[in-house]
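# Structural overview for review
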Amino acid sequence: MRELGHELISLEEARETMLSLIGTIGTETCATPEAFGRVLRQAVEARDLIPPFDNSAMDGYAVHAADLAAASGENPVTLPVAFRLQAGEVAEGPLAAGSAVRIMTGAPLPPGAEAVVPHELTEFTDTEVTFSDPIEAGRNVRPAGGDMKPGDVPLGPGAVLGPSQLGIAATLGYAELEVSRRPRVAILSPGDELVDIGEQPGPGKIRNSNACSLRASVIDSGCEPIDLGIIPDNKPAIREAISEAIERGADAFVSTGGASAGDFDFIKDVISEDAEAAHVFKVAMKPGKPQVFGLFDGRPFFGLPGNPAAAIVSFEVFVRPGLRKLQGCSRILPELFEVRFPFEQRYKPGRVFLLRTRVEPAADGGYEVVRPGEQDSSFLASLARANAIVVLPPEGGPVPEGATRPAFWMGGAGR
Ligand code: AMP
Ligand code: MG
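Below: a short report on this structure. All values derive from a computational prediction rather than experimental measurement.

What counts, and at which threshold
Residues numbered from 1 in each chain as written. Chains lettered and ligands numbered in written order. Predicted model: local features only at pLDDT ≥ 70, side-chain atom pairs only at ≥ 80, totals over all residues. Heavy atoms only, no water. Salt bridge = Lys/Arg side-chain N within 4 Å of Asp/Glu carboxyl O. Helix = DSSP H or I, 4+ residues; strand = E, 2+ residues; numbered from the N terminus. Buried < 20%, exposed > 50% of the residue type's maximum accessible area, 1.4 Å probe, protein only. Near = heavy atom within 4 Å. Polar contact = N/O pair within 3.5 Å; in protein donor to acceptor, adjacent residues only side chain to side chain. Areas by Shrake-Rupley, 256 points an atom, 1.4 Å probe, with all protein chains shown as cover. Nonpolar A, V, L, I, M, F, W, Y, C, P; charged D, E, K, R; others polar. Core = buried A, V, L, I, M, F, W, Y, C linked by side-chain atoms within 4.5 Å. Contact = heavy atoms within 4.5 Å. Pairing = 2+ DSSP bridges. Axes fitted to C-alpha atoms, helices over the stretch in contact; angles between N-to-C directions.

## Structural notes on the pattern of salt bridges
A pair can form between side chains of opposite charge whenever their charged atoms are brought close. Here the structure, examined in full by the defined rule, presents 18 salt bridges. The salt bridge partner of D274 is R239, with a shortest N-O separation of 2.6 Å. Here the residue D274 occupies a position in helix α5 (residues 266-274), and R239 occupies one in helix α4 (residues 235-247), the gap between them amounting to 35 residues. Under the relative-accessibility criterion, R239 is labelled partly exposed at 29%. When the shortest N-O distance is used, the salt bridge between D269 and K268 registers 3.2 Å. Relative accessible area serves as the criterion here: at 18%, K268 is assigned to the buried category. Within this structure, K235, R239, E273 and D274 form a network of salt bridges that share partners.

## Some details on the site of ligand 1
Not every one of the 13 residues close to ligand 1 is listed here, only the nearest: E193, N208, G258, G306 and N307. Within the backbone of N210, an N or O atom sits 3.2 Å from a nitrogen atom of ligand 1. Take N307: an N or O atom from its main chain is 3.1 Å from an oxygen atom of ligand 1. The fraction of the free accessible surface of ligand 1 (490 Å²) that becomes covered by protein chains is 76%. For the shell around ligand 1, the residue count by class is two nonpolar, eight polar and three charged.

## Overview of the nonpolar core
With 39 residues, the main nonpolar core has L11, M285, F302, F318, L323 and L354 as its most contacted residues. Counting only elements with at least two residues in this core, the list comes to α1 (11-20), β11 (184-190), α3 (210-220), β15 (252-256), β18 (290-296), β19 (299-304), α6 (308-326) and β21 (352-361). In terms of residues, this core owes the most to one element, α6, which gives nine residues. Those residues in contact with L354 that lie beyond four places of it in its chain are L11, M285, K286, P287, V313, V317, Q375, I389, V390 and V391. Among the nonpolar cores identified, the runner-up in size contains 21 residues, and I226, A237, I242 and A259 belong to it.

## With respect to the sheet that holds β11
Pairing in this open sheet of six strands is mixed, and the strands run β14-β11-β15-β19-β18-β16 from one edge to the other. Bordering the open sheet on either side are β14 (224-231) and β16 (276-282), each of which pairs with just one other strand. Taking the axes of each pair of neighbouring strands and ignoring which way they run, one obtains an average angle of 15 degrees across the sheet. Relative to β19, β18 is paired through five bridges, and the arrangement is antiparallel. Across the sheet, G294 pairs through a bridge with F301, a residue of β19. Where α1 meets the sheet, its contacts fall on β16, β18 and β19, and the angle it forms with β16 comes to roughly 165 degrees. Against the sheet, α6 makes contact with β11, β15, β18 and β19, and its axis sits at roughly 170 degrees relative to β19, the strand it touches most.

Any link to function would need more than the numbers given here.
Pasting the structure below:
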């Protein structure tokens, strides 16, 4: 056996190489209500004051502050109610001194009114309202432009459009947004041992679970999956699948298996022979050592290892950042946070160990590792409750009890 250790490259170096080769996909116009999860490719700028007018933050009574200056429990002040204002209405005239207006949340303050007393702090009839406290000007008033002013740019290219970002675009009057086209990602499952998941596997066969995991990961990365199904372990079949993917408009490709040094690992060969900027990596990580990468007409091909846990982890560390880069996201790499080990964690040094585990809030703050379970790269069951990947560095011994290490959330729902 040839010792391959000296050929290992770090996870960061492999990822940097891949990311440096990935460009940015084109844009399209999308109706703002339909743009959830898309990546913004324009600036969203305020063109008006938001809110557009001074308005009431409460259901209550709009007043001149001076009228309540002497109000107290012993000497309450009673004012006539001049009129009533609902959200959407505008006062016909200013608020006369010595009177109050019954006003609802969001209604424009009548000219002259300076503050709003919530109705629960008053006693009122239809025609009169009594106050027992003074109030300072500006209280319970939302000033025009308090949220945003013309020229403010709350969102820029690279923002991922979630509920908050879409609300901002909507309130600023952007009915359409320039966003990244949703990349189509072809999923290839080479393997003569594979059968479709609805089938009973015959002797020596297993179900194609990776395509199902990958499909979810692709959707979770804001992309559209094209599942090319099971592909026989030979080069012509793989080449045909890649051509079919290109015909079907694939912007990127992900395969599992066939990436390492076995006699039937043809993904590695096809990418090396056909792709531009092809790389066959041995990455100093566990799971996920064999990784293949290349470009077809500028479109990235990620050849992940076949073991199911290795495929899922590899997607998180290479493919998800790659698809973010492709979509022009401003944030590409996973965000790390520290998690504490309430026990000693042993692992084999030499390669970064990516521990798949459940992470939960600890009683004394922060996050804590909970029952990591079996870490074999071909086992899936222990991933059922895993919500994070903890990064254990290649150098150094076991993680001592109580120590922290960086982690990132795994994709998908059900944290
Ligand atoms: P390979 O790299 O092709 O030798 O695959 C490594 C391991 O992953 C083998 O045990 C394969 O049976 C398994 N494997 C490959 N592709 C899949 C798949 N699509 N679903 C589940 N297991 C797979
Ligand atoms: Mg195989």
